[in-house]
Amino acid sequence: MCWACSVRLEVMRTLHATGYETNAPLEIINWTNEEGSRFAPAMLASGVFAGAFTREFAYSRRDRDGKAFEAELTRIGYKGSEPVGQRKIGAMFELHIEQGPILEAEGKTIGVVTGVQGMRWYEVTVAGQAAHTGATPMHLRKNALLGASRMVEQIHAIAIKHSPDAVGTVGLMEVRPNSRNVVPGEVFFCVDFRHPDEAVLETMEQEFRAALKDTIEPLGLTYEEKRIWDSPAVRFDTEMIGCVRGGAEKAGYLTRDMVSGAGRDAAYIARVAPTTMIFVPCAGGVSHNESESTSFDECGSGAQVLLEAVLAYDRRFG
Ligand code: HGY
């Protein structure tokens, strides 16, 4: 049983044990393709549910091997038939690990999440000319990897310039033909920019595009660049944030307010229903790493606050 499902059962058992009656159905939702690692962009299913993407757009997404999202959903039996958005959501609480170092570093148990920062993803293809590494003089090369490598530095510098709140990363790069004795003729890479303020994200995008032109063209290279995802900064529901804060205080946990650095399904569901999040720490603040871990006690604290927050919200608005 997945952890989320076990939380639901525990919550239902607790509700009945306390004699608490509610007419609000309690659902646990596991949104497909939250990560966006294989099928970009991220939060695809919650985005379709919230109207950020059409269902056809989502179905048409392809992974780096060219496999389509729809075909893969069908293959694993996940392609549902229920019309999208039929189930109305009264309110959504999302419980998640922080995926960063702040809670652990400050010795806090619960993150009271007030929103999600803005995120933009880009795909870039730099084109040069594949050539023999031994027989091609340096001044006659069109080395696509040289251009791409300099852009990695430029993207890093743009994020540093707008730090501490900005982040900028190249996490995926494909070098072609990727052979030890061939000057790279083409390089594909992905760019991930994030910042809580949309105006700064816009500035970062302009600086990125100017850097592309100024870096790639003087090397005799060409490039194609497109923004494939733009998830604006989101602020969560004030009442629900208060329910989380109250639930944590009732349980006696230390808390701190924070904006989510990672994208979350809650960012899209906030468009169609009152939404907020609860964070628990993760060891060393490490995530997207096989060593990622959160203790059962920390998960239990998060579930306790989730229960208290749901009950408090249901009493007020259920
Ligand atoms: O990329 C993200 O922030 C999330 O983990 N999908």
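Caption draft 1: Highlighting the nonpolar core. Core analysis: the biggest nonpolar cluster contains 48 residues, and Phe 93, Trp 229 and Phe 236 have the highest contact counts within it. Looking at this core, the element that brings in the most residues is helix α8 (residues 238–251), giving five residues. If you look at the next biggest cluster of nonpolar residues, it comprises 21 residues, including Ile 158, Val 187, Phe 189 and Val 191.

Caption draft 2: Focus on the pattern of salt bridges. Counted under the stated rule, the structure contains 25 salt bridges. For the salt bridge of Glu 198 with Arg 120, the shortest nitrogen-to-oxygen distance reads 3.5 Å. With a gap of 78 residues between them, Glu 198 in helix α7 (residues 198–216) and Arg 120 in strand β3 (residues 118–127) connect regions that are remote in the sequence. On the basis of relative accessibility, which here comes to 26%, the residue Glu 198 falls in the partly exposed class. Among the salt bridges present, the one from Asp 192 reaches Arg 194, with a minimum N-O distance of 2.7 Å. Comparing Asp 192 with Arg 194, the two get one shared label, buried. Via salt bridges that share partners, Arg 120, Glu 198, Glu 202, Glu 205, Arg 209, Glu 225, Arg 227 and Asp 230 belong to a single interconnected network.

Caption draft 3: Region of interest: the site of the ligand. Taken together, the neighbourhood of the ligand is formed by Glu 34, Glu 35, Ala 42, Trp 121, Arg 194, Ala 262, Gly 263 and His 288. Glu 35 is positioned such that a nitrogen or oxygen atom in its side chain is 2.9 Å from an oxygen atom of the ligand. Relative to its unbound accessible surface of 210 Å², the ligand loses 96% to contact with the protein. Residue composition of the shell around the ligand, by class: three nonpolar, two polar and three charged.

Caption draft 4: The packing of α8 against helix α10 (residues 296–317), seen in detail. α10 packs onto α8 with a crossing angle of 130° between their chain directions and a minimal axis gap of 8 Å. Classed by the angle they form, the pair α8 and α10 counts as oblique. Handedness of the crossing formed by α8 with α10: right-handed. Between α8 and α10, the contacting residues are Glu 239, Met 240, Cys 243, Val 244, Gly 247, Ala 248, Lys 250 and Ala 251 on the first element and Gln 304, Val 305, Glu 308, Ala 309, Ala 312, Tyr 313, Arg 316 and Phe 317 on the second. A class-by-class count of the residues in the contact of α8 with α10 yields 10 nonpolar, two polar and four charged.

Caption draft 5: Local environment of the packing of aromatic side chains. Counted according to the given criterion, the structure contains 10 aromatic pairs. Ring plane angle 70° and centroid distance 4.6 Å describe the contact between Trp 121 and Trp 229, whose orientation is recorded as edge-to-face. Of this pair, Trp 121 sits in strand β3 while Trp 229 sits in strand β8 (residues 222–231), and the two are 108 residues apart along the sequence. Overall, the relative accessible area of 13% leaves Trp 121 in the buried class. Linked through ring pairs, Phe 53, Phe 57 and Tyr 268 together constitute an aromatic cluster. Positioned above the aromatic ring of Phe 57, the side-chain terminus of Arg 61 is 3.8 Å from the ring centre. Cation over ring: Arg 64 sits above Phe 188, and NZ or CZ is 3.7 Å from the ring centre.

Quick notes on the rules
Residues numbered from 1 in each chain as written. Predicted model: local features only at pLDDT ≥ 70, side-chain atom pairs only at ≥ 80, totals over all residues. Heavy atoms only, no water. Core = buried A, V, L, I, M, F, W, Y, C linked by side-chain atoms within 4.5 Å. Buried < 20%, exposed > 50% of the residue type's maximum accessible area, 1.4 Å probe, protein only. Helix = DSSP H or I, 4+ residues; strand = E, 2+ residues; numbered from the N terminus. Salt bridge = Lys/Arg side-chain N within 4 Å of Asp/Glu carboxyl O. Near = heavy atom within 4 Å. Polar contact = N/O pair within 3.5 Å; in protein donor to acceptor, adjacent residues only side chain to side chain. Areas by Shrake-Rupley, 256 points an atom, 1.4 Å probe, with all protein chains shown as cover. Nonpolar A, V, L, I, M, F, W, Y, C, P; charged D, E, K, R; others polar. Axes fitted to C-alpha atoms, helices over the stretch in contact; angles between N-to-C directions. Parallel < 35°, antiparallel > 145°, perpendicular 65-115°, else oblique. Left-handed = near helix turned anticlockwise from the far one by under 90°. Contact = heavy atoms within 4.5 Å. Phe/Tyr/Trp six-rings, centres within 6.5 Å; stacked < 30°, edge-to-face > 60°. Lys NZ or Arg CZ within 6 Å of the ring centre and 35° of its normal.

Don't take any of this as a statement about function, it's just geometry.
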